[in-house]
Amino acid sequence: KKKLQYYSSEIQRDVGNLVKWLMIAVLVGCITGAASTLFSFVLKSVTNYRKENEWMFYLLPVMGLIIVYLYEKFGKDDGGTNQVLSTVRSQDDVPILSAPLIFISTALTHLGGSIANQLGRWIHLDEEDRHVIVMCGMSAAFSALFGTPMAAAVFAMEVVSVGVMYYTALVPCIIASLIASGFAASMGINPEAFHVTSIPALTIESGIKMGIVALCCAGLSILFCMALNGISAFYAKYLKNVYVRVVVASVAIIVITKL
């Protein structure tokens, strides 16, 4: 009788958790999917307008100054995408003001993570559950914009700590990703697609080629991260004023683009 009561309570707890996370994942998928869909429409409209008016490209320094001002004025406590990742690892919060700020400055992971974190606070989730809901938000945001629900779910689970997978978040992240992707598709958001006409057979030769490509991509990613850190350190040392910093960076982007 005791064993029966024990297993019965365990089953009830597990079923309760399943139902809870199904509902939360659907909610996060719908809300983040809607926000990401709106983001995509705005982004496409702005991009098309810039293509039709190429002179707007030279206003990049002005746009940079506006973004810096917004963060200085309203987002001083905002730590960027790193804060979203630290929210999953610790007890940090993602400020709700991050959502509109990131909406303007296009950091997609933070958009989803910020919205999901705020939902977690509203429905009074505990610390562990809020970690999961932030990952759901990240998955949903990427999925809605890129149309890759499975990749988005796995990305959110592994990007928090490289080499570590948060398997507890697997089902909620996949459901949130699928809901957000479906929502975006129903609103006419069609991500870029690449048609693969044929897949070569897996042989020793093709396997070696894939391994070389993987190593090269990993090496390039490492160099990219090192370059980001190096440039950031350079700016912090020689260009301490953030407004001067963003103007210099914007001019550099314009020059490189024209070259």
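Quantities reported herein were computed from a predicted structural model and do not represent experimental measurements. (Residues numbered from 1 in each chain as written. Predicted model: local features only at pLDDT ≥ 70, side-chain atom pairs only at ≥ 80, totals over all residues. Heavy atoms only, no water.)

Caption draft 1: Layout of the overall build of the protein chain. Counting secondary structure elements, the protein chain contains 10 helices and zero strands. Order of helices (α) and strands (β) in the protein chain, N terminus to C terminus: α-α-α-α-α-α-α-α-α-α. Here the protein chain holds 259 residues, and 33% of them are scored as buried. Excluding contacts between residues fewer than 6 apart, the proportion of contacts in the protein chain whose partners are at least 24 apart in sequence is 70%. (Helix = DSSP H or I, 4+ residues; strand = E, 2+ residues; numbered from the N terminus. Buried < 20%, exposed > 50% of the residue type's maximum accessible area, 1.4 Å probe, protein only. Contact = heavy atoms within 4.5 Å.)

Caption draft 2: Representation of the state of the cysteines within the structure. Evaluated as defined, the whole model comprises zero disulfides. Free cysteine Cys216: the closest other cysteine sulfur is in Cys217, separated by 7.0 Å. (Disulfide = S-S within 2.5 Å.)

Caption draft 3: Structural view of the pattern of salt bridges. If you walk through the whole model with that rule in mind, you get three salt bridges. With a shortest N-O distance of 3.3 Å, Lys209 and Glu205 are connected by a salt bridge. Of this pair, Lys209 and Glu205 both sit in helix α9 (residues 204–238), four residues apart, roughly one helical turn. In this structure, a network of salt bridges that share partners links the residues Glu10, Arg13 and Asp14. (Salt bridge = Lys/Arg side-chain N within 4 Å of Asp/Glu carboxyl O.)

Caption draft 4: Quick peek at the packing of aromatic side chains. If you walk through the whole model with that rule in mind, you get six aromatic pairs. Both rings, one in Phe142 and one in Phe146, keep their centres 5.5 Å apart while their planes meet at 35 degrees; by these two values the pair is tilted. Taken together, the residues span about one helical turn, with Phe142 and Phe146 both in helix α6 (residues 127–146) at a distance of four residues. For Phe146, a relative accessible area of 40% translates into the label partly exposed. Consider the rings of Phe234 and Tyr235, whose centres lie 6.2 Å apart with planes at 50 degrees: the pair is tilted. With relative accessibility at 17%, the residue Tyr235 sits in the buried group. Put simply, the rings of Phe142, Phe146 and Phe155 touch in pairs and so form one group of aromatic residues. (Phe/Tyr/Trp six-rings, centres within 6.5 Å; stacked < 30°, edge-to-face > 60°.)

Caption draft 5: Spotlight on the nonpolar core. Counting residues in hydrophobic clusters, the biggest one holds 28 residues, and the most contacted among them are Trp21, Ile24, Val28, Ile133, Cys136, Ala169 and Cys173. Elements represented by at least two residues in this core include exactly α1 (2–52), α5 (108–122), α6, α7 (149–159) and α8 (170–186). By residue number, the principal contributor to this core is α6, which donates eight residues. Apart from residues lying up to four places away in sequence, Val28 is in contact with Gly33, Ala116, Leu119, Ile133, Cys136, Gly137 and Ala140. (Core = buried A, V, L, I, M, F, W, Y, C linked by side-chain atoms within 4.5 Å.)

Caption draft 6: Broad picture of the packing of α1 against α6. Contact pair α1 / α6: the axes reach a minimum separation of 8 Å and the direction vectors enclose 40 degrees. Classed by the angle they form, the pair α1 and α6 counts as oblique. Once α1 is placed against α6, the crossing between them reads as right-handed. From α1, Lys20, Trp21, Ile24, Val28, Gly29, Thr32, Gly33, Ser36, Phe39 and Ser40 reach across to α6, where they touch Asp129, Val132, Ile133, Cys136, Gly137, Ala140, Ala141, Ala144 and Leu145. (Axes fitted to C-alpha atoms, helices over the stretch in contact; angles between N-to-C directions. Parallel < 35°, antiparallel > 145°, perpendicular 65-115°, else oblique. Left-handed = near helix turned anticlockwise from the far one by under 90°.)

Caption draft 7: Here's a closer look at the packing of α6 against α7. Packing of α6 against α7 brings their axes to within 8 Å, and their N-to-C directions diverge by 145 degrees. In this structure, α6 crosses over α7, and the sense of that crossing is right-handed. Mapping the contact onto sequence places Met135, Met138, Ser139, Phe142 and Ser143 in α6 and Pro149, Ala152, Ala153, Phe155, Ala156, Met157 and Val159 in α7. Residues that form the contact of α6 with α7 fall into these classes: 10 nonpolar, two polar and no charged. (Nonpolar A, V, L, I, M, F, W, Y, C, P; charged D, E, K, R; others polar.)

Caption draft 8: Quick peek at the environment of Ser181. Tracing the backbone through its elements, the reader meets Ser181 in helix α8. In this structure Ser181 comes out as buried when scored by relative accessible area, which is 16%. As a C-alpha pair, Ser181 and Phe142 span 39 residues in sequence and 8.6 Å in three-dimensional space. Once you skip the residues sitting within four places of it in the chain, Ser181 turns out to touch Ser143, Ala144, Gly147 and Pro149.

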